[in-house]
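Take a look at the letters that make up each chain.
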Amino acid sequence: MVQYIAKKWIYARTFEGVPKPDDFRLEEEVLPEIQDGEFLAKAEFLSVDPYMRIHIHLYPVEIVMIGGQIAQVLESKHPDFPVGAYVFGQFGWRTCTICNPAEIETKKPYVLPDFGPTLPRSLGLGVLGMVGNSAYFGFFEVCRPTEGKTVVVSGAAGAVGNIVGQIAKIKGCHVVGITGSDEKCQWLKEIGFDAAINYKMADVEKELQQAAPEGVDFYFDNVGGQTAATVRKQMNQRGRIAVCGTISMYNGTPAQVADPQRDFVGKQLVQEGFSVYRWTDRWFEGINQNLKWIQEGKIKYRETITEGFENMPNAFIDMLKGGNVGKAIVKV
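My aim in this report is to walk through the structure given alongside it, one point at a time. All of these numbers come straight from a predicted model, not from anything done at the bench. (Residues numbered from 1 in each chain as written. Predicted model: local features only at pLDDT ≥ 70, side-chain atom pairs only at ≥ 80, totals over all residues. Heavy atoms only, no water.)

So, the pattern of salt bridges
Inspection of the entire model under this criterion finds 16 salt bridges. Ionic pairing is found between Asp49 and Lys327, a salt bridge with its closest N-O pair at 3.0 Å. In this pair, Asp49 is assigned in the loop between strand 3 (39-47) and helix 1 (51-55) and Lys327 in strand 15 (residues 327-331), connecting sequence segments 278 residues apart. On the accessibility criterion, Asp49 (5% relative accessible area) is buried. (Salt bridge = Lys/Arg side-chain N within 4 Å of Asp/Glu carboxyl O. Helix = DSSP H or I, 4+ residues; strand = E, 2+ residues; numbered from the N terminus. Buried < 20%, exposed > 50% of the residue type's maximum accessible area, 1.4 Å probe, protein only.)

Listed below in structure tokens is the structure:
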């Protein structure tokens, strides 16, 4: 019998402000033999995402840090997860995992679909996974875009935002991205955004008026705070807002912004928050459509890959500070 030793990052201390390296602790665990209905998988790529910063507070300290990964099945006593298959699972920050799918009620693991011979498996954490489905379903089901209208995306160079913008262009919209550096603005224009605003350097309200002179019809919000207040101010009657995240408010005292209710009443806006797992029963619809658009050259992707499992905390912290372009990933 082969004995497997898993490395795992423990959520060791409650985050205060921006997470710090010593909020985590690296441990090892000897894994037992797998039982009927279980499989053992070894991590290849792990995801770091903004939602982890908030959702971890639903759990006690001293658990394995939460998160998704792509892993290869090394041993299996489950017919749906054969040896050699690559799977996506919410296994947390660990290098090896024993999983019994029957014990998981939601967010069940699944075997990755075939991405073809040229695309990397890491896309299963990004545009061909939860991230891409957040963009696909959040934009279509919540914003309900129509051709010729103006779309604004905040956090636009991040994992979800850049995909939303590209899908909006596919659907014939005028697209404005808001992001945090000139380099990111340039990249957004390269992948088809009509305009991009560096919120750290620009007068966002003034530049948004220039970039969207006819107002904003649909807003896909990843950041909340002052940026969201500025965009709402320029939205048109009956505009729609999809709230995917509020990352600007994750690491400290919430920004003091004007009461949004006046905008909602005066402009009859519709705002809806969402979790991508609302569409679990349509999961592969989103993956297959995004895959088709990649193969047709209509969606381009970019990844920021950190090498080494030991660098998980640093990659997570860097992502929260905006250090990534596209999807942030750790390669084991």
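Focus: the sheet that holds strand 8 (residues 150-154)
Pairing is parallel across the open sheet formed by 6 strands, whose spatial order is 10-9-8-11-12-13. Looking at which strands have only one partner, the edges of the open sheet turn out to be strand 10 (195-198) and strand 13 (270-273). Sheet twist, expressed as the average angle between the axes of neighbouring strands with direction ignored, equals 15°. Summarising the sheet, strand 12 (residues 235-243) and strand 13 pair through 4 bridges and their orientation is parallel. In the strand pairing of strand 13, Ile241 is matched with Gln271. Its contacts with the sheet place helix 4 (residues 182-190) against strand 9 (174-179) and strand 10, and it is angled at close to 170° to strand 10. (Pairing = 2+ DSSP bridges. Axes fitted to C-alpha atoms, helices over the stretch in contact; angles between N-to-C directions. Contact = heavy atoms within 4.5 Å.)

Thoughts on the packing of helix 5 (residues 204-211) against helix 6 (residues 225-233)
Remark: helix 5 packs on helix 6, axes separated minimally by 10 Å, with the N-to-C direction vectors making an angle of 40°. When the axes of helix 5 and helix 6 are compared, the pair comes out oblique. You can see that helix 5 and helix 6 cross each other, and the crossing is right-handed. In this structure, helix 5 contributes Val204, Glu205 and Leu208 to the contact, and helix 6 contributes Thr230, Val231 and Lys233. (Parallel < 35°, antiparallel > 145°, perpendicular 65-115°, else oblique. Left-handed = near helix turned anticlockwise from the far one by under 90°.)

Side note on the pairing of strand 1 (residues 5-11)
The element strand 1 is extensively covered by neighbouring structure, given that 5 of its 7 residues are classed as buried. Direction of pairing for strand 1 relative to strand 2 (residues 24-30): antiparallel, over a ladder of 7 bridges. Within the sheet, the bridge partner assigned to Ala6 lies in strand 2 and is Glu29.

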